[in-house]
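Structural overview for review
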Amino acid sequence: MGNEVHWAGRQSWQLEGDVIVSRWVGAATLEELEPFLAFAERCCDQIARPFLIIDNRRAEPGRPEVRRRLVAWARDHMRFGGVAIFGGDFATRAIGMLLINAIGLLSRRALHIVFLPDEATARAWVSERQQQQS
């Protein structure tokens, strides 16, 4: 899978070791979300417990169909060792919390998802979780 950056519209992501780093700009569309989900699924097939860092500094809340698709996908594919989300305005974080709650209820698993102030803190949190799980 390498370390190359993948793009769909304005959205980008890459695999750094066992960490998927995604950067979201504006409101993601289904056409932008689907390639990311396919990438994340391939990562989950190759890595037992990948981690996910989400950069929401330039993100906006997705449309309802995007949110529904994300919840449906995560219900069956939430095998991440942890998810660290940083950035985003109040509305983006509030909708993110609603999505996390929905995923937790539907998957019936403990989710290790946190909202953090910046990328450095997100990377430090992931590093700590990696050490705890090794």
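As the structure is a computational prediction, the values presented were derived from the model and not from experiment. (Residues numbered from 1 in each chain as written. Predicted model: local features only at pLDDT ≥ 70, side-chain atom pairs only at ≥ 80, totals over all residues. Heavy atoms only, no water.)

1. Quick look at the sheet that holds strand β3 (residues 19-26)
Here is the rule we go by: Any two strands are treated as partners once DSSP identifies two or more bridges connecting them. By definition, any uninterrupted DSSP run of H or I lasting at least four residues is a helix, any uninterrupted run of E lasting at least two residues is a strand, and each is numbered from the N terminus. Under this scheme, a helix contributes an axis fitted over its contacting stretch, all axes are lines through C-alpha atoms, and angles between N-to-C directions fall in the 0 to 180 degree range. Residues count as neighbours in contact if any of their non-hydrogen atoms are within 4.5 Å of one another.
The strand order β1-β2-β3-β4-β5-β6 describes an open sheet built from six strands, whose pairing is mixed. Strands with a single pairing partner mark the edges of an open sheet, and in this sheet they are β1 (6-8) and β6 (113-116). In this sheet, neighbouring strand axes are inclined to one another by 15 degrees on average, regardless of whether the strands run parallel or antiparallel. Sheet topology places strand β2 (residues 11-16) next to β3; five bridges connect them, and they run antiparallel. Counterpart to Trp 13 in the pairing with β3 is Ser 22. Sitting on the sheet, helix α1 (residues 30-46) touches β1, β2, β3 and β4 (51-59), and the angle it makes with β2 is about 10 degrees.

2. Some thoughts on the packing of aromatic side chains
Aromatic ring pairs: the centre-centre distance and the angle between the two ring planes describe each pair. Rule in force here: Only centres within 6.5 Å qualify two rings of Phe, Tyr or Trp (six-membered ring in Trp) as a pair; their planes then separate them into stacked at under 30 degrees, edge-to-face at over 60, and tilted for everything else. Think of it in three bands: residues with accessible area under 20% of the maximum for their type are buried, residues over 50% are exposed, and the middle band is partly exposed, with areas taken using a 1.4 Å probe on protein chains only.
Applying the stated rule across the entire model yields four aromatic pairs. Here Trp 13 and Phe 39 contribute two aromatic rings whose centre-to-centre distance is 6.4 Å and whose plane-to-plane angle is 50 degrees, an arrangement assigned as tilted. Remark: Phe 39 occurs in helix α1 and Trp 13 occurs in strand β2; sequence separation between them is 26 residues. Residue classification places Trp 13 among the buried residues on the basis of a relative accessible area of 3%. On the basis of relative accessibility, which here comes to 1%, the residue Phe 39 falls in the buried class. A ring pair is formed by Trp 24 and Phe 36, whose centres lie 5.2 Å apart and whose planes are at 85 degrees; its orientation type is edge-to-face.

3. Section: the pairing of β6
Moving residue by residue along a regular strand, the side chains alternate between the two faces of the sheet. Short version of the rule: Crossovers are described as right-handed under a simple rule: with the strands pointing away from the observer, the path leading from the first strand over the helix to the second runs clockwise.
Relative to β6, strand β5 (residues 82-86) runs parallel, the two sharing four bridges. Bridge pairing links Val 83 to Ile 113 in β6. Handedness of the β5-helix α3 (residues 90-107)-β6 crossover: right-handed.

4. Some words on the packing of helix α2 (residues 64-77) against α3
Angle between the axes and distance between the axes are the two parameters that describe a pair of packed helices. Using the following cut-off: In a left-handed crossing the near helix is turned counterclockwise from the far helix by less than a right angle, and in a right-handed crossing that turn is clockwise. Think of it as three bins: nonpolar holds Ala, Val, Leu, Ile, Met, Phe, Trp, Tyr, Cys and Pro, charged holds Asp, Glu, Lys and Arg, and polar takes everything else, Gly as well.
Between α2 and α3, the shortest axis-to-axis distance is 9 Å and the interhelical angle comes to 35 degrees. Pair α2 / α3 crosses with right-handed handedness. Residues Arg 67, Leu 70, Val 71, Ala 74 and Arg 75 of α2 touch α3, and the partners they reach there are Ile 95, Leu 99, Ala 102, Ile 103, Leu 106 and Ser 107. When the residues that make up the contact of α2 with α3 are grouped by side-chain class, the tally is eight nonpolar, one polar and two charged.

5. Comments concerning the packing of α1 against α2
We apply this condition: Each angle gets one of four labels, with under 35 degrees taken as roughly parallel, over 145 as roughly antiparallel, 65 to 115 as roughly perpendicular, and the rest as oblique.
Relative to each other, α1 and α2 sit at 10 degrees, their axes nearing to 11 Å. When the interaxial angle is binned, α1 and α2 end up roughly parallel. Here α1 contributes Leu 30, Leu 33, Glu 34, Leu 37, Ala 40, Glu 41 and Cys 44 to the contact with α2, which in turn contributes Glu 65, Val 66, Arg 69, Leu 70, Trp 73 and His 77. In terms of residue class, the contact of α1 with α2 is made up of eight nonpolar, one polar and four charged.

6. Details of the side chain of Gln 14
Defined as follows: In the analysis that follows, any N or O atom pair within 3.5 Å is treated as a polar contact, provided that within protein one partner can donate a hydrogen and the other can accept it, and provided that, for residues neighboring in sequence, both atoms belong to side chains.
Here Gln 14 is to be found in strand β2. Separated by 2.9 Å, the side chain of Gln 14 and the backbone oxygen of Asn 3 make a polar contact. If sequence neighbours within four positions are ignored, Gln 14 has contacts with Asn 3, Glu 4, Val 5, Val 19, Ile 20, Val 21 and Phe 39.

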